[in-house]
Amino acid sequence: MATEFHNLQELRHSASLANKVFLQRDYSEGTTCRFQTKFPSELESRIERTLFEDTVKTLNNYYAEAEKMGGQSYLEGCLACATAYLIFLCMETRYEKVLKKIGRYIQEQNEKIYAPRGLLITDPIERGMRVIEISIYEDRGSSGSCSGSSSTSGSSAR
Amino acid sequence: MKNCEYQQINPQALSTSSPNPTLPPRPAVVEEKEERARRKWEVFPGKNRFYCNGRFIVAQQSGVLPLTLGLILVTTVLFFVFDCPFLVKHLTVFIPAIGGVLFVFAVISLLQTSFTDPGILPRATTDEAADIEKQIDNSGSSTYRAPPRTKEVMINQQVVKLKYCFTCKMFRPPRTSHCSLCDNCVERFDHHCPWVGNCVGKRNYRFFYTFIVSLSFLTAFIFGCVATHLALSAQGGRGLIFALQESPLVICFFSVWSILGLSGFHTYLVASNLTTNEDIKGSWSGKSGAEDTGNPYSYNNIITNCCSILCGPMPPSLIDRRGFVPVEESSQTVAMEMELPMLAAKKEINVVGGPTPSQLPPSRALQVPSSPLPATPNPPQPDWQTPV
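Keep in mind that this is a model prediction, so the values were computed, not measured.

1. Section: the overall build of chain B
- Within chain B, the regular secondary structure consists of eleven helices and ten strands.
- Residue burial in chain B is summarised as follows: out of 388 residues, 53% are buried.
- Within chain B, counting contacts between residues at least 6 apart in sequence, those at least 24 apart form 71% of the total.
- Here chain B has roughly 17900 Å² of accessible surface; of this, 64% comes from carbon and sulfur atoms.

Okay, here's the thing in structure tokens:
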């Protein structure tokens, strides 16, 4: 996640955090992890709708893959049960592998598509899988504190 | 646990390094990083305790976990000492083997239930909370009246109400409940188990189920073996030794009914994809009228329900206990009410005689809730890969 800041670091000197948009979870299919694909109005002027929807749909697909209950996950579960779940201490679960893939995908999307448009996607795992947080940066370095607070612009200038 | 160590926070370094208590020093960040870098478990706002530098998490009150462990240990040891030699001679050598396997299963799953994050949801960041407030205000009435704050969603063509959690500042996902003992929202909250000293939720339900099933087998097994021993040896006797020999029988006799009952109850819950919380509240039993209130989460197939709960993919821990708290540049005044419970929690954590948390400058305390992106380059990857 640190490299996201490095990519935006050039932007950081001239950009400041203007707003954050939160994409909430979509519970229409149960408690599996899905995010709403509704296009937020704040992003209308910043990014094309198709690109945005592609990103969210791909993320939803990744999460569906992580939580898919099929042969492999049952095998993993049964094996874990048979070993009194001790294999979780030494083995990386499929979910964790997919989460790494998601992390790389988000980083790649940020570098290629979002950072050039002054946007930054935060990995949902950093927000407890509740929201996809998209930070919007202004190109002008003014507009002071704004919603200030955290972090995304924080601390990278060392 | 030889490699346990506590991160000692030195508040003197924190307080003396910045003349202005509201802003951490910018230029001095680098050299102070080593002594100021703290892990997220140290600033965790819930009432939990952490061991081994954040690897293990338990509830604030360990409840009767030592008693549970002690009872299991004592009963099994007495069984091995007094009954196994006789039974091996007269019956079969597999008796201690089976007993051993069941004992190992029971203890390991007990420890995993106790020390695993049950599925705690991290509290909403300030920005998130503000966004939610904005949405509520937009759609709500103009008079500020502390509304009940529920949101309705459709899940599998059924209307489910999501409640707003005032402590965690977010709408709770479905099946999530706030545990008042741990002061956390827990996903798929089942119940807070004092025997285990932790909440039982999405991530540790399978451990809990394995624990009660293996424990019921173990108690039934020990009960049967000791009864067999008594019957076969036909040896009476009085005195302390005899009482000691037969105590596993008594302990098991009293506990086997309740544990078997509990296992049966949870087997029913697993088969119908319910949580104890939902069952007790009668959320899906249709008591509220003639409307169709079936369980929207059930797959309507016992096998699928069982498999999804017990053999499904293991979700990751969302609270990133061992990640580092990033150093913030702007400390805006975050909600003051977060400070007190956090300080109380820190009191619990630094129980080994570390510096008292009251010496910490308020700004550090206030930075917690706006848990931002970890900007530190130190941990190359987020810590949710760490199992448990």
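2. Considerations on the domain arrangement of chain B
Residues and elements named next belong to chain B.
- As assigned here, chain B comprises domain 1 (40–121 + 178–327) and domain 2 (126–172).
- On a C-alpha basis, the centres of domain 1 and domain 2 stand 35 Å from each other.
- The interface of domain 1 with domain 2 comprises ten residues on the first partner and nine residues on the second.
- Buried surface at the junction of domain 1 and domain 2, both sides included, amounts to about 770 Å², of which 63% is carbon and sulfur.
- Interface area lost by domain 1 to domain 2 is led by His 178, Cys 185 and Pro 296, which between them contribute 53%.
- Put simply, domain 1 and domain 2 have zero salt bridges between them.
- Put simply, domain 1 and domain 2 have one residue pair in polar contact (both at pLDDT 80 or more) between them.

3. Things to note about the pairing of strand 2 (residues 119–122) of chain A
Residues and elements named next belong to chain A.
- Residues of strand 2 alternate between two faces, with Leu 119 and Ile 121 on one and Leu 120 and Thr 122 on the opposite face, all of them buried.
- Bridge count for strand 2 against strand 3 (residues 131–138) is four bridges, and the pairing is antiparallel. Residue pairing for strand 3: Leu 120 is matched across the bridge by Ser 135.

4. Considering the packing of aromatic side chains
- Taken as a whole, this structure holds 16 aromatic pairs over all chains when the rule is applied.
- A centroid spacing of 5.1 Å and a plane angle of 65 degrees characterise the contact between Phe 39 of chain A and Phe 52 of chain A, whose relative ring orientation is edge-to-face. Of the two residues, Phe 39 of chain A sits in the loop between strand 1 (16–24) and helix 2 (49–66) while Phe 52 of chain A sits in helix 2, which places them 13 residues apart along the sequence. Across the pair, Phe 52 of chain A and Phe 39 of chain A agree in class, each one buried.
- Each member of the aromatic cluster is reached from another via a ring pair, and the members are Phe 223, Phe 253, Phe 254 and Trp 257 of chain B.
- Between Arg 188 of chain B and the ring centre of Tyr 205 of chain B, over which it is positioned, the NZ or CZ distance is 5.5 Å.

5. Examining the UniProt feature "transmembrane region" (unreviewed entry) in chain B
Residue and element names in this part refer to chain B.
- Feature annotation in UniProt places "transmembrane region" (unreviewed entry) on residues 64–82, 94–111, 207–232 and 247–271, given in this structure's numbering.
- Regarding residues 207–232, the helix share stands at 100% and the strand share at 0%, and the terminal C-alpha atoms are separated by 36 Å.
- The span residues 247–271 is 100% helical and 0% strand by assignment, and the distance between its end C-alpha atoms comes to 35 Å.

6. Digging into the sheet that holds strand 5 (residues 158–165) of chain B
All names here are of chain B.
- Taken together, the three strands give an open sheet; going across it, the order is 4-5-6, and neighbouring strands pair in antiparallel fashion. A single partner strand is all that each edge strand has here, and the edge strands are strand 4 (150–155) and strand 6 (170–171).
- Across six bridges, the pairing between strand 4 and strand 5 is antiparallel. Paired with Glu 152 across the bridge in strand 5 is Lys 161.

7. Brief notes about the packing of helix 6 (residues 205–233) of chain B against helix 7 (residues 240–271) of chain B
All names here are of chain B.
- The N-to-C vectors of helix 6 and helix 7 enclose an angle of 145 degrees; their axes lie 7 Å apart at closest approach. For helix 6 against helix 7, the interelement crossing comes out left-handed.
- Grouping the constituent residues of the contact of helix 6 with helix 7 by class yields 23 nonpolar, seven polar and one charged.

8. Focus: the layout of surface pockets
- Of the pockets and cavities examined, the second largest pocket occupies roughly 680 Å³.
- Lining the second largest pocket are 30 residues, and of these Thr 31 and Thr 32 of chain A together with Lys 202, Tyr 299 and Ser 308 of chain B sit closest to its centre.
- Put simply, the parts of the chain that give the lining of the second largest pocket at least two residues each are helix 6 and helix 9 (302–310) of chain B.
- Its residues assigned to classes, the lining of the second largest pocket comprises twelve nonpolar, ten polar and eight charged.

9. Focus on the UniProt feature "domain: Golgin subfamily A member 7/ERF4" (unreviewed entry) in chain A
- Under the local residue numbering, the UniProt record ascribes the feature "domain: Golgin subfamily A member 7/ERF4" (unreviewed entry) to residues 21–133 of chain A.
- For residues 21–133 of chain A, the helix share is 49%, the strand share is 10%, and the end-to-end C-alpha distance is 6 Å.

10. Describing the sheet that holds strand 2 of chain A
Residues and elements named next belong to chain A.
- Taking strand neighbours across the sheet as the criterion, the three strands line up as 1-3-2 in an open arrangement whose pairing is antiparallel. Strands at the two margins of the open sheet, each flanked by one partner only, are strand 1 and strand 2. Across the sheet, the mean angle separating the axes of adjacent strands is 20 degrees when strand polarity is ignored.
- Judged from the eight bridges that link them, strand 1 and strand 3 form a sheet pairing that is antiparallel. Bridging across to strand 3, Phe 22 finds its partner in Glu 133.

11. Some points on the nonpolar core
All names here are of chain B.
- One finds Ile 72, Phe 79 and Leu 218 to be the most contacted residues of the largest nonpolar core, which totals 42 residues.
- Within the residue set of this core, elements represented by two or more residues are helix 3 (65–90), helix 4 (94–115), strand 4, strand 5, helix 6, helix 7 and helix 9.
- Counting residues per element, this core draws most heavily on helix 6, at eleven residues.
- Summarising the domain contributions, this core has at least three residues from each of domain 1 (40–121 + 178–327) and domain 2 (126–172).

12. Remarks on unusual backbone geometry
Residues and elements named next belong to chain B.
- In this structure, Arg 188 is a non-glycine residue whose phi angle is positive, near 45 degrees.
- Secondary-structure assignment places Arg 188 in the loop between strand 8 (184–186) and strand 9 (191–193).
- Arg 188 sits in the buried class, given a relative accessible area of 11%.
- One non-glycine residue, Asn 273, lies in positive phi territory at about 55 degrees.
- Following the sequence through the fold, Asn 273 ends up in the loop between helix 7 and helix 8 (276–281).

Criteria and cut-off values
Residues numbered from 1 in each chain as written. Chains lettered and ligands numbered in written order. Predicted model: local features only at pLDDT ≥ 70, side-chain atom pairs only at ≥ 80, totals over all residues. Heavy atoms only, no water. Helix = DSSP H or I, 4+ residues; strand = E, 2+ residues; numbered from the N terminus. Buried < 20%, exposed > 50% of the residue type's maximum accessible area, 1.4 Å probe, protein only. Contact = heavy atoms within 4.5 Å. Areas by Shrake-Rupley, 256 points an atom, 1.4 Å probe, with all protein chains shown as cover. Domains from an automatic or database assignment. Buried area = accessible area lost by both parts, 1.4 Å probe. Salt bridge = Lys/Arg side-chain N within 4 Å of Asp/Glu carboxyl O. Polar contact = N/O pair within 3.5 Å; in protein donor to acceptor, adjacent residues only side chain to side chain. Pairing = 2+ DSSP bridges. Phe/Tyr/Trp six-rings, centres within 6.5 Å; stacked < 30°, edge-to-face > 60°. Lys NZ or Arg CZ within 6 Å of the ring centre and 35° of its normal. UniProt positions renumbered as here; feature names shortened; annotations may be inferred. Axes fitted to C-alpha atoms, helices over the stretch in contact; angles between N-to-C directions. Left-handed = near helix turned anticlockwise from the far one by under 90°. Nonpolar A, V, L, I, M, F, W, Y, C, P; charged D, E, K, R; others polar. 1 Å grid on protein atoms, 1.4 Å probe; cavity = no way out; pocket = protein on both sides within 12 Å on 5 of 7 lines; lining within 4 Å. Points joined across faces, edges and corners; volume = space filled by probe spheres on them. Core = buried A, V, L, I, M, F, W, Y, C linked by side-chain atoms within 4.5 Å.

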